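Residues per chain, in single letters:
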Amino acid sequence: MKALIKYVSYEETIKGSRFLSELIPCQGQAEAREILRQQKAKYADATHVVHAFITGKGAEVMGMSDDGEPSGTAGRPVLDVVKGSGATNLILTVTRWFGGTLLGTGGLVKAYGNGAKGVLQAALEENAFEELIEKSEFEFHTDYSLLKPIKNHFADFHLYDVSEDFGTDITISGKIRCDETEAFCHLLTELSNGRISVTIV
C-alpha cells in the first residue's frame, strides 16, 4: 500500500469542457470534507467539483460524490480508478467547467475516469507516493554533551520530521518506524546511562 505525500494536478479539455484533476494528501473523512469545502470555494465558478477519497492503513475508508452530474457518471468512475491504484490517504477532485456541449453518460464516465487516470499517472511520474509505513511519534530531552553521540546513530534508524529545540537542555522530537521504537529507546538509554526517557505516542 502506498500513500500520497504531495499535491499533483492534471488538466484536459474535452469538447469545450475543462476538466482539472487534483490529488491532495488526506488523512481521514473529516479532512476530506474540509478539503472538498475549500475546493468548492476556490472554484466557485465551476459547474461541478466531483470527488473520491480513500484513507486508512488498508484503504478501508472511502467516499465519493457526483456533485450534480448524472448518478454513477462521475464519482464512481473516479473512485474505481483510485481503488485500482493501490493508493491511500488521498482525495481526488475533478473540477469541470461546462463548455456548452453535452457529453452524454458514456462520455462523462470516460472523461472523469480518464481525468483520474491522468492525475494518478502524473503522481507516479513525480514520485508523489511513498510506501505506507506505520510510524510512532517520539520526544526526549538530552543535555548538550550527548547531542553528537546520539545524532551519530540517527542514520541507523528510519526517522522522519525530526526537530530540535534548544533551551537549558535539548528537546528532540520526530517520528520513527513502529518496528524500530524499541531498539531506538534501548540505544538512548544505553548512551545516556539511563538518564534519557523517551516518550512514544
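It should be emphasised that the depicted structure is a prediction, and the values quoted were computed from it without experimental measurement.

(A) Here's a closer look at the overall build of the protein chain. When helices and strands are tallied, the protein chain shows 5 helices and 12 strands. Over its C-alpha atoms the protein chain spans a radius of gyration of 22 Å, topping by over 25% the 17 Å that the globule rule assigns to 201 residues. Expressed as lengths along the three principal axes of its C-alpha atoms, the size of the protein chain is roughly 75 × 30 × 30 Å. Classification of the 201 residues of the protein chain by burial places 45% in the buried group. Within the protein chain, residue pairs in contact and separated by at least 24 positions form 68% of the contacts whose partners lie at least 6 positions apart. For the protein chain, the exposed area adds up to about 10,400 Å²; of that, 50% sits on carbon and sulfur atoms. Charged side chains of the protein chain number 20 positive and 28 negative; the gap between the two group centres comes to 8 Å.

(B) The nonpolar core, seen in detail. Residues Leu-23, Val-78, Leu-90, Leu-92, Tyr-112 and Phe-129 are the most contacted members of the largest nonpolar core, which totals 28 residues. Those elements giving two or more residues to this core turn out to be β3 (17–25), β4 (48–55), α2 (75–83), β7 (90–97) and α3 (104–125). When residues of this core are assigned to their parent elements, the largest contribution, 8 residues, is made by α3. Aside from chain neighbours lying at most four places away, what touches Val-78 is Val-50, Ala-52, Leu-92, Val-94, Tyr-112 and Ala-116.

(C) Examining the sheet that holds strand β5 (residues 61–65) more closely. The strand order across the open sheet formed by 5 strands is β2-β3-β7-β4-β5, and the pairing between neighbours is antiparallel. Across the chains shown, the open sheet's two edge strands, defined by having one partner strand only, are β2 (8–14) and β5. For this sheet, the mean inter-axis angle between neighbouring strands, taken without regard to orientation, is 10°. Lying over the sheet, α2 contacts β4, β5 and β7, oriented at roughly 30° with respect to β4.

(D) Spotlight on the sheet that holds strand β10 (residues 159–166). What the 4 strands build is an open sheet, ordered β10-β11-β9-β12; its pairing is antiparallel. At either end of the open sheet lies a strand with only one pairing partner, and these are β10 and β12 (199–200). Packing of helix α5 (residues 181–191) onto the sheet brings it into contact with β9 (135–142), β10, β11 (170–177) and β12, and relative to β9 it is tilted by some 5°.

(E) How the structure looks around the environment of His-51. Among the secondary structure elements, His-51 is positioned in strand β4. Along the primary structure His-51 and Gly-75 are separated by 24 residues, whereas in three dimensions their C-alpha atoms are 5.8 Å apart. The contact partners of His-51, leaving out residues within four places of it in the chain, are Leu-36, Gly-63, Met-64, Ser-65, Gly-75, Ile-91, Leu-92 and Thr-93.

(F) Structural context of the packing of aromatic side chains. A full pass over the atoms with the stated rule returns 8 aromatic pairs. Each ring, one from Phe-19 and one from Tyr-112, has its centre 5.3 Å from the other, and the planes form 85°; the classification is edge-to-face. Placement of the pair is Phe-19 in strand β3 and Tyr-112 in helix α3, with a sequence separation of 93 residues. Of the two residues, Phe-19 and Tyr-112, both sit in the buried class. On the numbers, 6.5 Å between centres and 45° between planes, the contact of Phe-154 with Phe-184 is tilted. Of this pair, Phe-154 sits in the loop between α4 (147–151) and β10 while Phe-184 sits in helix α5, and the two are 30 residues apart along the sequence. Summarising the burial analysis for this pair, Phe-154 and Phe-184 share the class buried. Taken together, the aromatic side chains of Phe-138, Phe-140, Phe-154, Phe-157 and Phe-184 make up a single cluster linked through ring pairs.

Thresholds applied
- Residues numbered from 1 in each chain as written.
- Predicted model: local features only at pLDDT ≥ 70, side-chain atom pairs only at ≥ 80, totals over all residues.
- Heavy atoms only, no water.
- Helix = DSSP H or I, 4+ residues; strand = E, 2+ residues; numbered from the N terminus.
- Rg over C-alpha atoms; globule rule 2.2 N^0.38 Å.
- Buried < 20%, exposed > 50% of the residue type's maximum accessible area, 1.4 Å probe, protein only.
- Contact = heavy atoms within 4.5 Å.
- Areas by Shrake-Rupley, 256 points an atom, 1.4 Å probe, with all protein chains shown as cover.
- Lys, Arg positive; Asp, Glu negative; His and termini not counted.
- Charge placed at Lys NZ, Arg CZ, Asp CG, Glu CD.
- Core = buried A, V, L, I, M, F, W, Y, C linked by side-chain atoms within 4.5 Å.
- Pairing = 2+ DSSP bridges.
- Axes fitted to C-alpha atoms, helices over the stretch in contact; angles between N-to-C directions.
- Phe/Tyr/Trp six-rings, centres within 6.5 Å; stacked < 30°, edge-to-face > 60°.

Function-wise, these values are silent; they only describe arrangement.
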